[in-house]
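Descriptive analysis of the structure
Listed here are the chains, written in short residue letters.
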Amino acid sequence: VTRFIIRRILWLVPVLLFVSLITFTLMHLTPGGPWDKDKPVSSQAVANLNARYNLDKPAWQQYVLYMSNALRGDLGPSYTYQDRSVTQIILGGLPNTATLGLLAAALAMLVGIPLGIIAATRQNSTLDYAALGFGTVFASVPSFVLGFVFIILFALTLHLVPTSGWGRPENYVLPVLTLGLNQAALLTRITRASVLDVSRQDFMRTARAKGLREFLLIRRHMLKNALIPVVTVMGPVVALLLVGSVIVEQIFSIPGIGRLLVQGISQRDYSLIMGTTLVYAFVIAGLNLVVDVLYGFIDPRITYR
Amino acid sequence: LEPRFQNLFSKYGFRLVYVARLWPLAVAALLVLPAARGVAAQSASAREVTVNFLNQGEPDTLDPNRTTSAFAAEAGVVRQVFEPLLRFDEHLVPQPAAAESYDVSPDGTQYTFHLRADGRWSDGQPVTAPQFEYSWRRLLDPALNAEYATFFVSAGIDSVTAVDDLTFVVRLAEPFGPLPDIAALWVGSPLRPDVVNANVDGWAADPATYVGNGPFMVSEWVHQDHIALVPNPAYVAHGVWPVPSLTRVIVRMQTSAQADYAAFLSGDRDWALVPDAELNAVLNDADLSPLAQPVTDLTTFWIQLNTVHQPLNNTIVRRALAKALDRRALVRDLTAGVAAPTLSVLPPGMPGHQDALGAELDFDPEGARTLLAQAGFARGRGFPKLAFAYPNGAVNQRRAEYFVARWREVLGVDIGLSAMPNAAYQQALHERAYDIAFGGWAADYPDPQDWFAPVFGCQGAYNYYAYCSPSFDQTVARGDTAAALADRLVYYAQASTQLVRDVPVIPVWVRGRLLLVRPWVQLTLTAQDDFPGSYLLDRVVVMPH
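These figures come from a predicted structure and were not determined experimentally. (Residues numbered from 1 in each chain as written. Chains lettered and ligands numbered in written order. Predicted model: local features only at pLDDT ≥ 70, side-chain atom pairs only at ≥ 80, totals over all residues. Heavy atoms only, no water.)

The next subject is the overall build of chain B. When its secondary structure is counted, chain B shows 16 helices and 19 strands. For chain B, the C-alpha radius of gyration of 25 Å lies close to 24 Å, the compact-globule estimate for 545 residues. By its C-alpha atoms, chain B is 80 × 75 × 35 Å across when sized along the principal axes. Burial analysis of chain B (545 residues in total) assigns 58% to the buried set. Summing over all exposed atoms, chain B offers an accessible surface of approximately 20,300 Å²; the carbon and sulfur share of this is 54%. (Helix = DSSP H or I, 4+ residues; strand = E, 2+ residues; numbered from the N terminus. Rg over C-alpha atoms; globule rule 2.2 N^0.38 Å. Buried < 20%, exposed > 50% of the residue type's maximum accessible area, 1.4 Å probe, protein only. Areas by Shrake-Rupley, 256 points an atom, 1.4 Å probe, with all protein chains shown as cover.)

Written as structure tokens, this is what we have:
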């Protein structure tokens, strides 16, 4: 297992290089540069700025320079926020995005998986239909609609929580609900389908015929098998939570890196775009690794090579 | 400064004020959530306020020299922390601030500022003339790439010198009337060389080293979230300037106008702007309308005409288009009556504004038709196909459609619509590759000089109309260099009259916004507030409540 993990970590390097190369290329091909503002900037100023940010060098040199600095943890100076480096900016925002994403993931699992199991074990009951309804509604309503519905309902009408902001526990409620319920819906549907699939298998019928109690049946035989597809989607789910936070961070004005990415793109802040993209890529690749390792614990048939 | 036409804030067009219609849902939620606890309307201290000055988000920088024009909102913070030589009072007159007085040489080319002896930085150090010299030199150094330096450059500053600790002298190449306004801009605040040089790139990002000489200081900066201001203990009342009454100000960085408005409704803001889409709803709401205050500022919106394109190169056609618009009706229909109709370029509140100017461009359908016939396009026949260019966005589209419909109705001319992304729109303006477009000007400082040469002069950087009149340029140059304001205003009046006659732009309205203010908050507003209330924050009073 250790060798597998080490090999996978080494694989991260080409993956990140590839992501950075694509981002770098697309970024420089997009029309408009960091100095194209409403107010025209003098050519002398543009020359000064280009020199400061190495933009006067050929593109490949810029890339090599950037990557060699990035490897040493220096993501360069921000083009917009003149007084802080991108590393500082991202380190400031990452804990907030991570808190939001992890709380939402916890909510998604705590709601989605039990609901899926309950729905499947009571197929076609009212409870099942309610769970299906939950799964359909929250999977299809986009977060920028859901977020505002929650604001209207819980903040403006009921005055239970503030409309936006970050830092105090009551600030977390709406963003986590908005972000988490969508993925909870997805997990409900996947868990339900997977449990139903497993419960129709022969070994389930055998176990039941042996007179095993229903609770043990579900725990020992059904869940272990039914959870494999669920774990598979957990990687993408957490990734979606991180990426999905871009919109939720905007709605609730959360100081995370999703907002930084959006601002970076609209202002062509090259180093901020590169930095946030690399951090996203690193986190997502890392999560996939965690999921792959988890497989082994759930399904002994899977071996690492 | 060009006003922004992108509809930055209405990405999520929900009508939050129609909350009442969601009562059934609310009742359902009440059953689910029994422990309803009010978080609203609890302010920790009676003299603390929360407001969203930074509605364009995290400031790029709080370095006074380097603030950028595209995000002028950050000046709302800089102005609290630093005190320039002069500061604008509520009537926008530059009043002595860090300087207690100034003299002008008889030829108008030398300004001598006498600093107060009791000026102090927030760390207790005295405010001195060399600190002004350092700041102004740094600002004018091209290596700093300071965007707002252009105002100091175009003032023709020859040299800046600290003669002694309390005397600061500015020499000009030729007389420049608005120099006191320039000296009152936050960009020319004093700076401490010891502080800046200790951490060239980071001193303005850290509240510990961000020392100022203004009424407030930054006590906390949570990036992407808020900045907290507290009174500067070293600041003493002087001249017309009081010590702040507020004990703490939380400056939010909410970029969505809808979300900021929602925060006001839930009690998290002491005052806020109403988003365009909610204007009518607020004005018709029994609870909110008593809190609403309309404010206008020194921003004129106009329709700009490309004066070299056929047939807009004919002044008579431009005049006909101007006379076909009923400003009162369009202010009512497009801005819920919050803006103020106008027929000339300089808005009310600017020195040199004349109420009666432009009457000949006022709504007169019959006169407009006669003019168009005179130009050879009776009832719009033979009128070339023109396009109205505008940046993408629902608000802009509605406005463009409205104008085009009025022209069709009154003059029978058929003008097409041409929507484009904002970058392409800016480019079309810069290259004069358009027929008709939205335009306007927002005062950078309250002097008419700012409104003529840069905007309508033959060489004006913002003259997108290809309008060029040597006689106009001469008049304006006389106004810019004359000594006394009264003399200068005579020239500017001539220039304004010529713009009404030549119609390079069709003035439409003076920007108006609607503010919601808690009953216990008293604001002192100026016509120059980027975010209303951000100019004279030291005069904001919170009454016991």
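Picking up after the structure, the text goes on.
Across its full length, chain A carries 11 helices and zero strands. Taking the principal axes of the C-alpha coordinates as reference, chain A spans close to 85 × 55 × 30 Å. In chain A, which comprises 305 residues, the proportion classed as buried is 48%. Here the analysis covers contacts within chain A between residues at least 6 apart in sequence; of these, 72% occur between residues at least 24 apart. (Contact = heavy atoms within 4.5 Å.)

So, about the nonpolar core. Within the largest apolar cluster, 152 residues are counted, with the highest numbers of intra-cluster contacts made by Trp271 and Trp407 of chain B. Per element, the largest residue contribution to this core is seven residues, and it comes from helix H12 (residues 394–411) of chain B. (Core = buried A, V, L, I, M, F, W, Y, C linked by side-chain atoms within 4.5 Å.)

Residue and element names in this part refer to chain A. Within the element layout of this structure, threonine 178 appears in helix H7 (residues 169–199). By relative accessible area, threonine 178 is classed as buried at 0%. If we skip the residues at most four places from it in the chain, threonine 178 touches Ser143, Leu146, Gly147, Phe150, Val248 and Phe252.

The next point concerns helix H1 (residues 2–29) of chain A. With 28 residues, H1 of chain A ought to run about 40 Å at 1.5 Å a step, and its terminal C-alpha atoms sit 41 Å apart, in line with that. For H1 of chain A, the set of buried residues is Phe4, Leu12, Leu16, Ser20, Thr23, Phe24 and Met27 of chain A. (Expected span 1.5 Å × (residues − 1).)

Any two aromatic rings considered together are summarised by their centre-to-centre distance and by the angle between their planes. In the structure shown here, the tally under the stated rule is 36 aromatic pairs over all chains. With centroids separated by 5.3 Å and ring planes inclined at 65 degrees, the aromatic side chains of phenylalanine 24 of chain A and tyrosine 63 of chain A adopt a geometry described as edge-to-face. Residue phenylalanine 24 of chain A is located in helix H1, and its partner tyrosine 63 of chain A is located in helix H3 (residues 59–71); the two are separated by 39 residues in the primary sequence. The same class applies to phenylalanine 24 of chain A and to tyrosine 63 of chain A, which are both buried. By the ring-pair criterion, three or more aromatic residues cluster together here, those being Tyr102, Tyr111, Phe113, Phe132, Trp136, Phe152 and Phe168 of chain B. When the ring centre of tryptophan 186 of chain B is taken as origin, the NZ or CZ atom of arginine 79 of chain B, which lies over that ring, is 5.3 Å away. Here the basic side chain of arginine 518 of chain B rests over the ring of phenylalanine 264 of chain B, its NZ or CZ set 3.8 Å away from the ring centre. (Phe/Tyr/Trp six-rings, centres within 6.5 Å; stacked < 30°, edge-to-face > 60°. Lys NZ or Arg CZ within 6 Å of the ring centre and 35° of its normal.)

Turning to the pattern of salt bridges, a few remarks are in order. Within this structure, the stated rule accounts for 27 salt bridges over all chains. Linked through salt bridges whose partners overlap, the residues forming this network are Glu83, Arg87, Arg116, Asp118 and Asp538 of chain B. (Salt bridge = Lys/Arg side-chain N within 4 Å of Asp/Glu carboxyl O.)

Time to look at the environment of proline 84 of chain B. Tracing the backbone through its elements, the reader meets proline 84 of chain B in the loop between helix H2 (75–81) and strand S2 (86–88). Apart from the residues within four sequence positions on either side, proline 84 of chain B is in contact with Ala97, Ala98, Phe132, Ala183, Ala184, Leu185, Trp186, Ser189 and Pro190 of chain B.

So, about the packing of helix H15 (residues 470–481) of chain B against helix H16 (residues 485–502) of chain B. All names here are of chain B. The contact between H15 and H16 brings their axes to 7 Å, and the two run at 155 degrees. On the basis of their axis angle, the class for H15 and H16 is roughly antiparallel. At the point where H15 passes H16, the crossing takes the left-handed sense. For the pair formed by H15 and H16, the contact residues are Ser471, Phe472, Thr475, Val476, Arg478, Gly479 and Asp480 on the first element and Arg488, Tyr491, Tyr492, Gln494, Ala495, Gln498 and Leu499 on the second. (Axes fitted to C-alpha atoms, helices over the stretch in contact; angles between N-to-C directions. Parallel < 35°, antiparallel > 145°, perpendicular 65-115°, else oblique. Left-handed = near helix turned anticlockwise from the far one by under 90°.)

A few words now on the sheet that holds strand S7 (residues 167–172) of chain B. Residues and elements named next belong to chain B. Read from one edge of the open sheet, four strands run S4-S5-S7-S6, paired in antiparallel fashion. Both edges of this open sheet fall to strand S4 (99–104) and strand S6 (157–164), since each of them pairs with a single strand only. Neighbouring strand axes in the sheet, compared pairwise and without regard to direction, differ in orientation by 20 degrees on average. Strand direction decides the pairing type here: strand S5 (residues 110–115) and S7, joined by five bridges, are antiparallel. From the neighbouring strand, tyrosine 111 faces S7, where its bridge partner is valine 170. Strands in contact with helix H3 (residues 129–140) are S5, S6 and S7; relative to S6, the strand with the most contacts, it is inclined by about 160 degrees. (Pairing = 2+ DSSP bridges.)

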